[in-house]
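Structural overview for review
Take a look at the letters that make up each chain.
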Amino acid sequence: METSRRTVIAAAAAAGLTAAAGIGTAHAAGAKRPLRELFGRLADGTKVHRWSLENGGTRLGVLSYGGIVQYLEVPDRHGRYRNVSLGFGDLDSYVASSPYFGALIGRYGNRIGKGQFTLDGTSHQLSVNDGVNSLHGGAKGFDKRVWDVEGFTSGSDVGLVLHHTSLDGEMGYPGTLRVKVTYTLTRKGDWRVDYEATTDRATVVNLTSHVYWNLSGEGSGSVYDHELEIAASRYTPVDSGLIPTGELAKVAGTPFDFRRTKTVGRDIRVAHQQLLYGKGIDHNWVLDKGITARPEHVATLRDPSSGRTLTIATTEPGLQFYSGNFLDGTLVGTGGHVYRQGDALCLETQHFPDSPNQPSFPSTVLRPGQTYRTSTIHSFGT
């Protein structure tokens, strides 16, 4: 399902996409009504649009394909803007080879062991796309769907409302799931994500966002010198297939202890079996706060070179920290640079991996009459 690369690149050039200098640098400061432009077409002719938003000093570009954050620009300590999220400059690359750059993930973020689970006595076989396991909703998850998108302004906020209906049996999941995701840029420049879903049949759901962060700017090299703090005393160890064992292990005395700020790369090459399994960090942290009614602070990321900071607050009980281990030098990003291992990291707020098969983990079951709701706030500073 590929489009004409020549057509897409020509359209991007006409739109003034100078990614190396920072996408959207022509925008002025302050809130702007969301703007829509054609980004490309899928092989079947379906149009894919890009929406541009700006508020509070943050600039955000979102695709209707996968709800993808194609760029997110924030200033450094000197007021200079850079795109701090990895991605591509054309639709073809997202369709052909994206490792979930910036995407909305569903129905189930993270892995489900052997692509199977049993709910109310009925076994369900899911789409398997990660060895023997199901990852991020299967072979055609929410990241590969074209969402219905509407822009809005509300007081001093601007944003987008994204809708998608996942039919009963899609990728093996039971129930028709109706999903609404709201992206909001606040007057302070925070990027807030609110997820909602309902179902007509008992199912499991775990939605998240898969932005790859590099606060120095995408294509600038490794994030191993970024400083990270995570408010979690435990994490979920995994087996060789990266499926949780069910243990909630203490981070104390391990490379997974980020309770006090340390650089991402300080312990990443320690000879620890869990790091060998993940070829780096690809694990779920059990947040000390648990599930909360309102977003609470759980992590802070800082880039000493630019001064940029990212703080994350969420209602979710888990945070998947992935250190970009499988970026292998084969992908060329928006700025024309090759992405290599460790050139970005992901901080995915969510429920725990493989929860449908782990009775001791917080439940991800959604039933008719219930509404799934979670929220995450990304705040930027210097």
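Our structure is the block above this text.
Worth saying up front: this structure is predicted, and the values here are computed from it rather than measured.

The rules behind each value
- Residues numbered from 1 in each chain as written.
- Predicted model: local features only at pLDDT ≥ 70, side-chain atom pairs only at ≥ 80, totals over all residues.
- Heavy atoms only, no water.
- Core = buried A, V, L, I, M, F, W, Y, C linked by side-chain atoms within 4.5 Å.
- Buried < 20%, exposed > 50% of the residue type's maximum accessible area, 1.4 Å probe, protein only.
- Helix = DSSP H or I, 4+ residues; strand = E, 2+ residues; numbered from the N terminus.
- Contact = heavy atoms within 4.5 Å.
- 1 Å grid on protein atoms, 1.4 Å probe; cavity = no way out; pocket = protein on both sides within 12 Å on 5 of 7 lines; lining within 4 Å.
- Points joined across faces, edges and corners; volume = space filled by probe spheres on them.
- Nonpolar A, V, L, I, M, F, W, Y, C, P; charged D, E, K, R; others polar.
- Phe/Tyr/Trp six-rings, centres within 6.5 Å; stacked < 30°, edge-to-face > 60°.
- Lys NZ or Arg CZ within 6 Å of the ring centre and 35° of its normal.
- Pairing = 2+ DSSP bridges.

Membership of the largest hydrophobic core comes to 57 residues, with the highest contact counts inside it found for Leu72, Tyr183, Trp191, Trp213, Ile230, Trp285 and Phe321. Top element by residues in this core is strand 13 (residues 177–185). It accounts for 5 residues. Residue contacts for Tyr183: discarding those within four places in its chain leaves Val62, Gly67, Val69, Leu104, Phe152, Val158, Gly159, Leu160, Leu162, Trp191, Arg192 and Val193. Judged by nonpolar contacts, the second largest core, of 23 residues, contains Phe39, Tyr94, Tyr100 and Leu135.

Turning our attention to the layout of surface pockets. Here the largest pocket defines a volume of roughly 440 Å³. As for the largest pocket, its lining consists of 25 residues, and the residues nearest its centre are Tyr100, Arg111, Leu135, Tyr322 and Phe326. Secondary structure elements with two or more residues in the lining of the largest pocket: strand 24 (318–322) and strand 25 (328–332). At 3 residues, strand 25 tops the list of elements feeding residues into the lining of the largest pocket. When the residues that make up the lining of the largest pocket are grouped by side-chain class, the tally is 10 nonpolar, 9 polar and 6 charged.

Here we take up the environment of Thr334. Tracing the sequence through the fold places Thr334 in the loop between strand 25 and strand 26 (338–340). Judged by its relative accessible area of 10%, Thr334 is buried. Expressed as a C-alpha distance, the spacing of Thr334 and Ser216, which sit 118 residues apart in the sequence, is 14 Å.

In this structure the tally under the stated criterion is 17 aromatic pairs. The interplanar angle of 70 degrees and the centroid separation of 6.2 Å between the aromatic rings of Phe258 and Trp285 together place this pair among those described as edge-to-face. Placement of Phe258 in the loop between strand 19 (249–250) and strand 20 (262–263) and of Trp285 in strand 21 (residues 282–287) is noted, with a sequence separation of 27 residues between them. For the residue pair Phe258 and Trp285, the accessibility class agrees, reading buried in each case. Members of the aromatic cluster, joined through ring pairs, are Phe88, Tyr94, Phe101, Tyr212, Tyr322, Phe326 and Tyr339. Lying over the aromatic face of Tyr81, Arg59 brings its terminal NZ or CZ to 3.6 Å of the ring centre. Taking NZ or CZ as reference, Lys262 lies 4.4 Å from the ring centre of Phe258, over its face.

The next thing to look at is the pairing of strand 2 (residues 47–55). Counting buried positions along strand 2 yields 8 of 9 residues, so the element is predominantly enclosed. Of the pairings in the sheet, the one linking strand 1 (residues 32–41) to strand 2 comprises 7 bridges and is antiparallel in character. Bridging across to strand 2, Glu37 finds its partner in Arg50. Between strand 1 and strand 2, which follow one another and run antiparallel, lie 5 residues, and Gly45 among them has a positive phi close to 95 degrees. Direction of pairing for strand 2 relative to strand 3 (residues 58–63): antiparallel, over a ladder of 6 bridges. Across the sheet, the residue bridging to Ser52 is Gly61, located in strand 3.

What follows deals with empty space enclosed by the protein. Inspection of every chain in the model, using the stated rule, returns 3 cavities of 30 Å³ or more. What the largest cavity holds in volume is close to 70 Å³. Lining the largest cavity we find Tyr195, Thr208, Ser209, Val211, Trp213, Leu347, Glu348, Thr349, Thr376 and His378. When contributions to the lining of the largest cavity are tallied by element, the ones reaching two or more residues are strand 16 (208–210), strand 27 (346–350) and strand 29 (372–381). Ranked by residues supplied to the lining of the largest cavity, first place goes to strand 27 with 3 residues. A class-by-class count of the residues in the lining of the largest cavity yields 4 nonpolar, 5 polar and 1 charged.

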